[in-house]
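Observations on the three-dimensional arrangement
Each chain is listed here by its residues.
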Amino acid sequence: MPPGVLALAVGAFAIGVTEFIVVGILPSIAKDLQISIESAGSLVSLYALALAIGTPLLVLLMSRLPRKAALLGLMSVFLAGNLLAAFSHTFEWLLVGRVITAVAHGTFFAIGATVAASLVAKAQAGRAISVMFAGLTLAMVIGVPLGSFLGNLMGWRLPFFAVVVLAAVGLGAMARWLPAGLQQGKGGKAMTQLAALGSGPILTMMAVTTFGFGSSFAAFTFITPILTDVTGFSATMASALLIVFGIATFAGNLAGGYLTSHLGWQKALRLMLLLLAVTQVGVALSISSPWMMTVMLFVWGVFAFGLSPALQAGMLATAERYTPQAVDFASGLNISAFNLGISFGSMLGALMVSRQLMASSPWAGVAAALLALLPLAWLARRNLAAHVAGAAAH
């Protein structure tokens, strides 16, 4: 794999730690800044909202910039946002720092995915994207548990300072290893870019991402109380199992990239969505058995995050076919769709919990995963029709 792709993975690791670290140190932040835990929770929800809204807009503004300069600029902004968060002594300034990092986060992945794919042969694009996204999943395995431990032991600001160091390393790696001759972004006029929002195939691909990736979050949002209150694990064991889940997401991300490269993104997505649905059936049926739940938690992590490379490769392929002047913008829309999926899945799970159905929340995930197959099937027929029409024209 080219060193430029590995450099992008380093940046993705730093970003992944920032995205998820707050969940582990919310009580420390609330106590130090003298705010309620509910208010501190907005550091998570507003982060996702800023990412979903800001990413397509910033991608649009940066669409004509050389890609290496754009990525270096985004990582610099990300570093500055975390520095602001680390030095914040009020909740308001901490929130501003989080919003800044969120917008840089989404745009970095949107542009970075197209760059990673461009650094390898077309057949290896899915694998290159998976290596970049592996930095994000590795953050869940190593960065977040370690950062949460240190943050609760030595103060919540320490993880933010650590991310600043990681961002500086990523910035240096990209400056050194990303090729200087990366093409300028495929950005036409603003209206040309925004036309992607009116493209049926682009919106359909966003629907696949939202329902497919979001399906796991119906249960995963409440995984800790599920493991302790339903399955019967201790709080310590539940934390250990989250590390197991994190390891599974890392393995799944790499496996998803392999399948995408060897089967094509459409076949890989169909296979993994079906397996994800079956796996969540297994989770629902095993939820009262500690041993079975341990096994199913690992399998679930593999398929839940194995979707990521295929979903992003699918959006890039769809944009190149239907909106070639808005590839980066479409990539940004898909990053937004990932976060919309998280919100969708969380709300679906919350609805189940509010009705005293927490133990049944995996069934909501099954339904969402199967629902994602419908827009995927429509898109496959559309692509086939376009291919046939193109072949007839020649």
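Keep in mind the model is a prediction, meaning the values are calculated, not measured. (Residues numbered from 1 in each chain as written. Predicted model: local features only at pLDDT ≥ 70, side-chain atom pairs only at ≥ 80, totals over all residues. Heavy atoms only, no water.)

With that settled, the discussion passes to the overall build of the protein. Scanning the protein for helices and strands turns up 15 helices and zero strands. Along the longest, intermediate and shortest principal axes, the C-alpha atoms of the protein span 65 × 45 × 35 Å. Counting over 394 residues, the protein shows a buried share of 55%. Of the contacts made within the protein by residues no fewer than 6 positions apart, 85% connect residues no fewer than 24 positions apart. Within the structure as shown, the protein displays about 15900 Å² of accessible surface, and the carbon and sulfur contribution to it stands at 72%. Side-chain charges of the protein comprise 17 positive and 7 negative groups, with the mean position of each set lying 19 Å from the other. (Helix = DSSP H or I, 4+ residues; strand = E, 2+ residues; numbered from the N terminus. Buried < 20%, exposed > 50% of the residue type's maximum accessible area, 1.4 Å probe, protein only. Contact = heavy atoms within 4.5 Å. Areas by Shrake-Rupley, 256 points an atom, 1.4 Å probe, with all protein chains shown as cover. Lys, Arg positive; Asp, Glu negative; His and termini not counted. Charge placed at Lys NZ, Arg CZ, Asp CG, Glu CD.)

Moving on, we get to the packing of helix 3 (residues 67-87) against helix 4 (residues 91-118). Two elements in contact, helix 3 and helix 4, have axes whose closest approach is 8 Å; the angle formed by their N-to-C orientations is 155°. Here helix 3 lies roughly antiparallel to helix 4, going by the angle between them. Remark: the crossing between helix 3 and helix 4 carries left-handed chirality. For the contact of helix 3 with helix 4, the residue count by class is 16 nonpolar, seven polar and one charged. (Axes fitted to C-alpha atoms, helices over the stretch in contact; angles between N-to-C directions. Parallel < 35°, antiparallel > 145°, perpendicular 65-115°, else oblique. Left-handed = near helix turned anticlockwise from the far one by under 90°. Nonpolar A, V, L, I, M, F, W, Y, C, P; charged D, E, K, R; others polar.)

Turning to unusual backbone geometry, a few remarks are in order. Of all residues except glycine, most have a negative phi; of all peptide bonds, most are trans. Although it is not a glycine, Gln-34 adopts a positive phi angle of roughly 55°. Note that Gln-34 resides in the loop between helix 1 (3-33) and helix 2 (37-61). Its identity is not glycine, yet Gln-356 carries a phi of approximately 60°, on the positive side. Relative to the elements of secondary structure, Gln-356 occurs in the loop between helix 14 (327-354) and helix 15 (361-393).

We now examine the packing of helix 8 (residues 200-214) against helix 12 (residues 265-286). Taken N-terminus to C-terminus, the directions of helix 8 and helix 12 make an angle of 25°; their axes are 12 Å apart at the nearest point. Compared by their axis directions, helix 8 and helix 12 come out roughly parallel. Crossing of helix 8 over helix 12 shows left-handed handedness. Note on element contacts: helix 12 touches helix 8 through Trp-265, Leu-269, Leu-273 and Leu-276, opposite Met-205, Val-208 and Gly-212. Residue composition of the contact of helix 8 with helix 12, by class: six nonpolar, one polar and no charged.

Let us now look at the nonpolar core. In summary, soluble globular proteins display a tendency toward joint burial of nonpolar side chains. Counting residues in each nonpolar core, the largest one holds 120 residues, and the members touching the most others are Leu-8, Phe-108, Phe-109, Leu-269 and Trp-300. With residues up to four places along the chain from it excluded, the contact list for Leu-269 reads Met-205, Val-208, Leu-307, Ala-310, Leu-311 and Leu-376. (Core = buried A, V, L, I, M, F, W, Y, C linked by side-chain atoms within 4.5 Å.)

Looking now at the packing of aromatic side chains. Enumeration according to the criterion identifies 14 aromatic pairs in this entry. A ring pair is formed by Trp-156 and Phe-160, whose centres lie 5.9 Å apart and whose planes are at 90°; its orientation type is edge-to-face. Classification of Phe-160 as buried rests on a relative accessible area of 1%. For the ring pair Phe-213 and Phe-338, a centre distance of 4.9 Å and an interplane angle of 80° mean the geometry is edge-to-face. Residue Phe-213 is located in helix 8, and its partner Phe-338 is located in helix 14; the two are separated by 125 residues in the primary sequence. One aromatic cluster in this structure is built from Phe-108, Phe-109, Phe-133, Phe-213, Phe-217, Phe-220, Phe-245, Trp-300, Phe-305 and Phe-338. (Phe/Tyr/Trp six-rings, centres within 6.5 Å; stacked < 30°, edge-to-face > 60°.)

This part is about the environment of Asn-383. Following the sequence through the fold, Asn-383 ends up in helix 15. The exposure class assigned to Asn-383 is buried, which follows from its relative accessible area of 8%. Sequence-distant contacts of Asn-383, that is, excluding residues within four places in its chain, are made with Trp-265, Gln-266, Arg-321 and Tyr-322.

Below, the discussion takes up the domain arrangement of the protein. Each assigned domain of the protein is listed here: domain 1 (1-177) and domain 2 (195-384). At the interface, 28 residues of domain 1 touch 25 residues of domain 2. Interface area for domain 1 against domain 2, summed over the two sides, is near 2300 Å², with a carbon-plus-sulfur share of 73%. For the domain 1 face of the interface with domain 2, the top three residues by lost area are Thr-137, Met-140 and Val-141, together amounting to 20%. At the junction of domain 1 with domain 2, the criterion picks out zero salt bridges. At the junction of domain 1 with domain 2, the criterion picks out five residue pairs in polar contact (both at pLDDT 80 or more). Ranked by the residues each element gives to the side of domain 1 that touches domain 2, the list is headed by helix 5 (residues 125-154), at eleven residues. Residue composition of the side of domain 1 that touches domain 2, grouped by class: 18 nonpolar, seven polar and three charged. (Domains from an automatic or database assignment. Buried area = accessible area lost by both parts, 1.4 Å probe. Salt bridge = Lys/Arg side-chain N within 4 Å of Asp/Glu carboxyl O. Polar contact = N/O pair within 3.5 Å; in protein donor to acceptor, adjacent residues only side chain to side chain.)

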